[in-house]
Amino acid sequence: MPEGHTLHRLALDHRALLAGRAVEACSPQGRFDEGAALLDGRRVLGVEAHGKHLFYDFEDGLVLHVHLGLFGRFRKTARPAPTPRGAVRLRFVVPGACLELSGPTACALVSDTERAALCARLGPDLLHDDADPAEAWARIRKSKRAIGALLLDQSVLSGVGNVYRAEGLFVVGLHPETPGNALRKPDFTRLWDTLRAMLQKGVRDRRIVTAAHPEKSASRVRRGERTWVYGQAHCRRCEGAVERFTLAARTMYACAACQPRDAKPVRTRRSAE
DNA sequence: GCCGAATGCCCAA
DNA sequence: TGGGCCTTCGGCG
């Protein structure tokens, strides 16, 4: 589930639920016993998302770092189940609510230095109000790598995952294999704005719905109708074939008709011919 | 019940 | 570039 919108949604929800309160913490799975014991009974001061990373600030300077990876997931229930479902790495209990974390890539207490190092590796977070597109553009315009690879590189910009990269490139009409240094600035700007709006919508909707459904609220859009090209065999705009190939070790989807390979503007191309 | 894939990322070669 | 890690789920028998 986790692209940038998931983490920012969790940060908002968990801040509302936990901030200012003392939590009971334990690790039913046992793999985070020591950390959970240190957190148990302590008050949460704040919760923040940076790219796809979550940081929980506790009193006494303790900081919990969570990265969901591909499989990690939080579940919220009204009260703790006597027998946790699946492998629960960490459980937080506050009056009236229980949060269970399973399958994270990272769940660890970190020092301020480690936290700073993690954040320093990240490019501008599309979901931060002060994210500076110029930082990302400076990297992209000089790179020979494909834009579809650059979008997944969290040091270039952070928050985009495999679904949003496919959908963002589709909406802007860029072929994923266009080299960064072949992108025109206006295309980059449109891509940035598009991805940012998509992620913001994802935070609001609590899910990824990028294909237009003017009449329906996001929660009513069926699985399989939520994207233009991601996971699709046919483009949901033109009904043409969707190409499926591997790019940066992940499955990429692109519409052959809507995302022509040539990055140059049509006007220039015609006049050159 | 087993197998493969999945919205991520690190590391070794 | 490929394998490993973490877990869940759907498709197949």
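Details of the structure are given in the entry above.
To start, this report covers the structure provided alongside it. Remember, it's a predicted structure, so these values are computed and weren't measured experimentally.

Basis of the calculations
Residues numbered from 1 in each chain as written. Chains lettered and ligands numbered in written order. Predicted model: local features only at pLDDT ≥ 70, side-chain atom pairs only at ≥ 80, totals over all residues. Heavy atoms only, no water. Helix = DSSP H or I, 4+ residues; strand = E, 2+ residues; numbered from the N terminus. Buried < 20%, exposed > 50% of the residue type's maximum accessible area, 1.4 Å probe, protein only. Polar contact = N/O pair within 3.5 Å; in protein donor to acceptor, adjacent residues only side chain to side chain. Contact = heavy atoms within 4.5 Å. Near = heavy atom within 4 Å. Nonpolar A, V, L, I, M, F, W, Y, C, P; charged D, E, K, R; others polar. Pairing = 2+ DSSP bridges. Axes fitted to C-alpha atoms, helices over the stretch in contact; angles between N-to-C directions. Patch = residues over 30% accessible without salt bridge, like charges linked within 9 Å, V, L, I, M, F, W, Y side chains within 5 Å. Areas by Shrake-Rupley, 256 points an atom, 1.4 Å probe, with all protein chains shown as cover. Salt bridge = Lys/Arg side-chain N within 4 Å of Asp/Glu carboxyl O. Lys, Arg positive; Asp, Glu negative; His and termini not counted. Charge placed at Lys NZ, Arg CZ, Asp CG, Glu CD. Parallel < 35°, antiparallel > 145°, perpendicular 65-115°, else oblique. Left-handed = near helix turned anticlockwise from the far one by under 90°.

Our next topic: the side chain of His65. Mapped onto the fold, His65 is located in strand S4 (residues 63-67). Judged by relative accessible area, which is 6%, His65 ranks as buried. A distance of 2.8 Å separates the side chain of His65 from the side chain of His53, its partner in a polar contact. Non-local contacts of His65, meaning those with residues more than four positions away in its chain, are made with His53, Leu54, Phe55, Ala106, Cys107, Ala108, Val110 and Leu118.

Before going further, it helps to spend a moment on the environment of Arg85. Inspection of the secondary structure assignment puts Arg85 in the loop between strand S5 (73-77) and strand S6 (88-94). With 141 residues separating them in the primary sequence, Arg85 and Arg226 have C-alpha atoms 29 Å apart.

This part takes up the protein's contact with DNA strand C. Around DNA strand C, the surrounding shell consists of Gln29, Arg31, Phe71, Arg73, Arg85, Gly86, Ala87, Arg89 and Gly103. Restricting the count to atoms of DNA strand C within 4 Å of the protein gives a sugar and phosphate share of 60%. Between a phosphate oxygen of DNA strand C and a side-chain N or O atom of Gln29, the distance comes to 2.4 Å. Classifying every residue of the surface near DNA strand C by side-chain character gives 2 nonpolar, 3 polar and 4 charged.

Moving on, we come to the sheet that holds S4. In space, the 4 strands of this open sheet follow the order S2-S3-S4-S8, with antiparallel pairing throughout. Two strands close off the open sheet at either side, each with one partner strand: strand S2 (44-50) and strand S8 (106-110). Strand-to-strand twist in this sheet, taken as the mean axis angle between neighbours without regard to direction, amounts to 20°. The sheet contact formed by S4 and S8 spans 5 bridges and is antiparallel. In the sheet register, Val66 faces S8, and the bridge partner there is Cys107. Of the strands in this sheet, S2 and strand S3 (53-58) touch helix H1 (residues 4-18), which is tilted by about 175° from S2. On the sheet, helix H3 (residues 112-120) packs against S2, S3, S4 and S8 and is oriented at approximately 155° with respect to S3.

Moving on: a negative patch on the surface. Judged by side-chain charge, Asp129, Asp130, Asp132 and Glu135 come together as a negatively charged surface patch. With respect to the secondary-structure elements, Asp129 resides in the loop between H3 and helix H4 (133-140).

Direction vectors running N to C along H1 and helix H7 (residues 185-205) enclose 45°, while the axes themselves pass 8 Å from each other. As judged from the angle between their axes, H1 and H7 are oblique. Read as a crossing pair, H1 and H7 show a hand that is right-handed. Seen from H1, the contacting residues are Gly4, His5, His8, Arg9 and Leu12; seen from H7, they are Leu199, Gly202, Val203 and Arg204. Classifying every residue of the contact of H1 with H7 gives 3 nonpolar, 4 polar and 2 charged.

What follows concerns the protein's contact with DNA strand B. Taken together, the neighbourhood of DNA strand B is formed by 18 residues, with Met1, Phe71, Arg121, Tyr230 and Arg250 sitting nearest. Counting only atoms of DNA strand B within 4 Å of the protein, the fraction found in sugar and phosphate groups is 60%. One of the backbone nitrogen or oxygen atoms of Gly69 is found 3.4 Å away from a sugar or linking oxygen of DNA strand B. Contact between DNA strand B and Arg250: a phosphate oxygen at 2.7 Å from a side-chain N or O atom of the residue. Its residues assigned to classes, the surface near DNA strand B shows 7 nonpolar, 6 polar and 5 charged.

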